[in-house]
Amino acid sequence: MSNPGRDWEDGTPERLYVITGGRSGPVSPVPLDLVTLIIAKTGPRPGMQPEHAAIMRMCRSPLSVAEISAYLALPVSVVTVLLGDLITAGHVLSRPPVAPAKLPDLALIEAVIDGLRKL
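Below, the structure is looked at part by part. Bear in mind that the values here come from a model prediction, so they are computed numbers and not experimental data.

Once that is clear, we can look at the packing of helix H2 (residues 50–58) against helix H4 (residues 76–88). Between H2 and H4, whose axes approach to 10 Å, the crossing angle comes to 75°. With respect to each other, H2 and H4 are oriented roughly perpendicular. Across the interface between the two elements, Glu51, His52, Ile55 and Met56 of H2 pack against Leu82, Leu83, Asp85 and Leu86 of H4. When its residues are assigned to classes, the contact of H2 with H4 shows five nonpolar, one polar and two charged.

Our focus in this paragraph is unusual backbone geometry. Even without being a glycine, Ala73 presents a positive backbone phi close to 55°. Mapping Ala73 onto the fold places it in the loop between helix H3 (65–72) and H4. Given the relative accessible area of 64%, Ala73 is considered exposed.

The rules behind the values
- Residues numbered from 1 in each chain as written.
- Predicted model: local features only at pLDDT ≥ 70, side-chain atom pairs only at ≥ 80, totals over all residues.
- Heavy atoms only, no water.
- Axes fitted to C-alpha atoms, helices over the stretch in contact; angles between N-to-C directions.
- Helix = DSSP H or I, 4+ residues; strand = E, 2+ residues; numbered from the N terminus.
- Parallel < 35°, antiparallel > 145°, perpendicular 65-115°, else oblique.
- Contact = heavy atoms within 4.5 Å.
- Nonpolar A, V, L, I, M, F, W, Y, C, P; charged D, E, K, R; others polar.
- Buried < 20%, exposed > 50% of the residue type's maximum accessible area, 1.4 Å probe, protein only.

Structure representation (structure tokens):
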């Protein structure tokens, strides 16, 4: 039963289904997680789906999947489907975030501390 007071733009399951074309997962060859960075190669093209165009505009500077989801007010699962489309079409690039620096070996740290104590 339809609710006439309900706005189509409010994130209803029907709207999310239309946005993703009924798909529940990305078709991207690249795994996407919340911290994967997305960068647009160009600006949006005429005729693009509005959500795709919005992603292209906002990703002129690198943004994480989580940030894109928050800015679009869409679930991450929907955003990953949209990003998969854009990656497959070559409109955006994805890259994993910069890996945290690896900690030196514990034995090395202990040797340095021991050496400093002997000074």
